[in-house]
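# Observations on the model geometry
So you can see what is in the structure, the chains are spelled out below.
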Amino acid sequence: AGAAVPMMGMGGAGVAGAGRDVGDPSSMLLSMWNRGKRSVGLGLTNREIAELRYQGLYQVVDLTKNFYFSYTYDLTRSLQDNFLAMSSQPFPPPPFKDMYAWNFFLTRELEDCTDSMTSFHWVLPIIHGAFLQRKLNDYGRSMNLILLARRSRHFAGTRYLKRGVSDMGKVANDVEHEEILHAETTSAASGTFSSYLQVRGSIPTYWTQESSVTMPKPPIVLNRVDPTYHATRTHFEDLLRRYGGPIVVCDLVKQSEKREREVIVGNEFRHAVDYLNSTIDPRHKIRYCALDYSHISKHRNLNVSTSLNEMATWAVNQTGFFCSAPRWKIMEDGEVVPFNESDASEGSAFLARHLGVPVFPMEQKGVLRTNCIDCLDRTNVAQFSAGVEALGQQLVVMGIRNTAKLDPSSNIVRMLIDMYVEIGDHIALQYGGSEAHKKGSASNTQGPMGKLLHPQSAYCASLGDGKRLLSSQFSCENWTGFVQVHDDVSAHIRC
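Within every chain, residues take consecutive numbers counted from 1 along the sequence as written. Predicted model: local features are reported for residues with pLDDT of at least 70 only, side-chain atom pairs are reported and counted for 80 or more only, and whole-chain, interface and lining totals are derived from all residues. To get the side-chain values, take all heavy atoms of the structure and skip hydrogens and water.

### Section: the overall build of the protein
Helix and strand definitions here come from DSSP, where helices need a minimum of 4 consecutive H or I residues and strands a minimum of 2 consecutive E residues; each element is numbered from the N-terminal end. From N to C terminus, the protein includes 14 helices and eleven strands. Residues classed as buried in the protein amount to 48% of the 495 residues present. For the protein, the share of sequence-separated contacts (at least 6 apart) that also reach a separation of at least 24 residues comes to 71%. Surface accessibility follows the Shrake-Rupley procedure with a 1.4 Å probe radius. Residue values consider only the protein chains on display as shielding. Carbon and sulfur atoms form 55% of the exposed surface of the protein, whose accessible area is close to 24800 Å². Partly exposed residues are those whose accessible area sits between 20% and 50% of the maximum for their type, while under 20% is buried and over 50% is exposed, using a 1.4 Å probe and protein chains only. In this description, contact between two residues means that some pair of their heavy atoms is separated by no more than 4.5 Å.

Have a look at this one:
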């Protein structure tokens, strides 16, 4: 995928004392006096104060960490979208998804100066998230396993400062997670590709949670009443446009508490889903599943790992996954049969035959959306379960294995666990300011999954959350509304 991009420092300090003798004592004293005033903010205009603040925000953003680009591959789009675009070979190439391009506003003026036929030569989208790639061997086949997380620039910010949904249907901590498997043949550039997409995001209702030093667990407040759930509807409509149907929701918030906290927003979310399902076409109804870790762990006959595996199998079977050249097909009863072109859906065959729309015989239709309160620890465990299930089915479809269930103690599952732990830490650092809170050792009863289970809650908000929120928004948002206080600054700084 790409390399880290160094960011050029922003100009703002001109040449001082031009035309004077540098060794002049009066010039040196004046320069020292000006620097002293600047350090304490005395005698500065509003424009100069805003300029210093903007430069400080730019310095907080470190483009050498968690920012990626590629010269030859569109990182803002999924593998399935890129394969479809490569099949049709349009010119100019399709535009990148601006919701994942964190330099969208920084490059907008350059795009306006160039036309659509040449702008793709000059502008490269930069994504924010995480990228991991590992080499593995299974049954004598050499493969590459990739995890790619794309963080949306919409409604971006840190935990406790960004919660819920915006009026435009954008949610906090919105991350698209893609698991890519590449089975090599004679060369690394060829072979069979397969990918599975899932997303995470804050609960799409209006709610807040303000942190406090004296309150380790801040209360959850429904700060706005939306009787028609307009923002929630807008959010799920956007998911349908991007991924198609069905939309599968895995809600991991607690369903019962002695002192209600998560239950408050959980009930509101469930009511919103029920309301939306009563007003939309039955074919596009949201498929909702609630899974309470704490409730399941208290029952003697229930197991969190088993429940997660059942949920993951159900979700993956609902949406499917993408494969560029499938060799086998898994039937509903689990039987594995040879795959042929006639197994493709009738709609896909019609589009390819009569309209010339590029399609692949096995595509992912729909997406699994997972959430808890922070969309960090518990969400990472659930996404790992779905990733293991998808990986097992991908290996079968690609003709590498003959069974879709992977042994939890196998090397491939242990490698996948380590990758999900690492990518979960990246996402947690970006949104929560600290790594995912988990126990390092696995229990004997749960095997290697114990490394991901047993999340330990931590409600200590980072002291730098406010500054990190402003710096992230300054990189990816249009600050026209902020600089209205200083109109003269808007002409000097644009993003």
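### A short note on the nonpolar core
Counting residues in hydrophobic clusters, the biggest one holds 55 residues, and the most contacted among them are Y293, L308, L391 and L395. Contributions of two or more residues to this core are made by β2 (127–138), β3 (141–151), β4 (175–183), β6 (247–251), α8 (293–297), α9 (304–319), α11 (377–397) and α12 (411–432). Broken down by element, the residue count for this core peaks at eleven residues, all from α12. Excluding anything up to four places from it in sequence, L395 contacts D138, M143, L181, I400, R401, L406 and I412. Take the buried residues of types Ala, Val, Leu, Ile, Met, Phe, Trp, Tyr and Cys, join any two whose side-chain atoms come within 4.5 Å, and each joined set is a nonpolar core. Formed by 20 residues, the second largest nonpolar core is a distinct cluster that contains I203, F236, L276 and I373.

### So, the pairing of β6
Taking burial as the measure, the five residues of β6 include five buried ones, the bulk of the element. Alternating residues of β6 divide into I247, V249 and D251 and V248 and C250, and every residue in both groups is buried. Here β6 runs beside strand β11 (residues 367–371); their pairing, made up of five bridges, is parallel. Its bridge partner lying in β11, V249 is registered against R369. Relative to strand β7 (residues 287–290), β6 is paired through four bridges, and the arrangement is parallel. Directly across from V249, in β7, lies its bridge partner Y288. If the strands point away from the viewer and the path from the first strand over the helix to the second runs clockwise, then the crossover is right-handed. Taken together, β6, helix α7 (residues 262–277) and β7 constitute a β-α-β crossover, and its handedness is right-handed. Pairing between two strands requires that DSSP report at least two bridges joining them.

### Side note on the side chain of N173
Turning to its location among the elements, N173 is positioned in the loop between β3 and β4. Each polar contact in these results corresponds to two N or O atoms within 3.5 Å; when the atoms are within protein, one needs to be able to donate a hydrogen and the other to accept it, and residues that are neighboring in sequence are counted only if both atoms are side-chain atoms. At a separation of 2.8 Å, a polar atom in the side chain of N173 contacts the side chain of R151. Of note is the side chain of N173, whose polar atom sits 3.3 Å from the backbone oxygen of C375. For N173, the contacting residues outside a window of four places in its chain are R151, R200, G201, S202, D374, C375, L376, I427 and Y431.

### Side note on the confidence of the model for the protein
Where the model shows low pLDDT, its predicted coordinates should not be examined in detail. For every residue, the pLDDT score states the predictor's confidence, bounded by 0 at the bottom and 100 at the top. Across the protein, the average pLDDT comes to 79, with 74% of residues at or above 70. Contacts of residues 479–495 to residues separated by more than four positions or lying in other chains number 28 contacts, the stretch itself having pLDDT below 50.

### Focus on the packing of α11 against α12
A fitted line through C-alpha atoms represents every axis, and for helices the fit uses only the stretch in contact; the resulting angles, taken between N-to-C directions, go from 0 to 180 degrees. The interhelical angle for the contact between α11 and α12, taken along N-to-C directions, is 140°, at an axis separation of 10 Å. As the angle between them shows, α11 and α12 are arranged oblique. α12 is crossed by α11, and the crossing has right-handed handedness. The residues of α12 that touch α11, namely those facing N380, Q383, F384, G387, V388, L391 and L395, are I412, V413, L416, I417, Y420, V421 and G424. Here the nonpolar group is Ala, Val, Leu, Ile, Met, Phe, Trp, Tyr, Cys and Pro; Asp, Glu, Lys and Arg are the charged ones; every other residue, Gly included, is treated as polar. The residue makeup of the contact of α11 with α12, split by class, is ten nonpolar, four polar and no charged. Roughly parallel refers to an angle under 35 degrees, roughly antiparallel to one over 145, roughly perpendicular to one between 65 and 115, and oblique to any angle outside these ranges. Rotating anticlockwise by less than a right angle from the far helix to the near helix defines a left-handed crossing, while the corresponding clockwise rotation defines a right-handed one.

### A short note on the pattern of salt bridges
By convention in these notes, a salt bridge is any Lys or Arg side-chain nitrogen within 4 Å of a carboxyl oxygen on Asp or Glu. If you walk through the whole model with that rule in mind, you get 17 salt bridges. Put simply, D98 and R153 hold a salt bridge, and the shortest N to O gap is 2.8 Å. Of this pair, D98 sits in the loop between α3 (79–88) and α4 (108–113) while R153 sits in the loop between β3 and β4; the two residues are 55 residues apart in sequence, bridging distant segments of the chain. A salt bridge links R242 to D238; its shortest N-O distance comes to 2.7 Å. With a gap of four residues between them, R242 and D238 both fall in helix α6 (residues 230–243), about one helical turn apart. For the residue pair R242 and D238, the accessibility class agrees, reading buried in each case.

### Brief notes about the packing of α6 against α7
Closest axis-to-axis distance for the α6/α7 pair is 10 Å, and the angle between their directions is 70°. Comparing the axis directions of α6 and α7 gives the class roughly perpendicular. Where α6 crosses over α7, the two elements pack in a sense that is right-handed. Counting all contacts with α6, which are made through T232, R233 and F236, the residues of α7 involved are F269, A272, Y275 and L276. Along the lines of polarity and charge, the residues of the contact of α6 with α7 split into five nonpolar, one polar and one charged.

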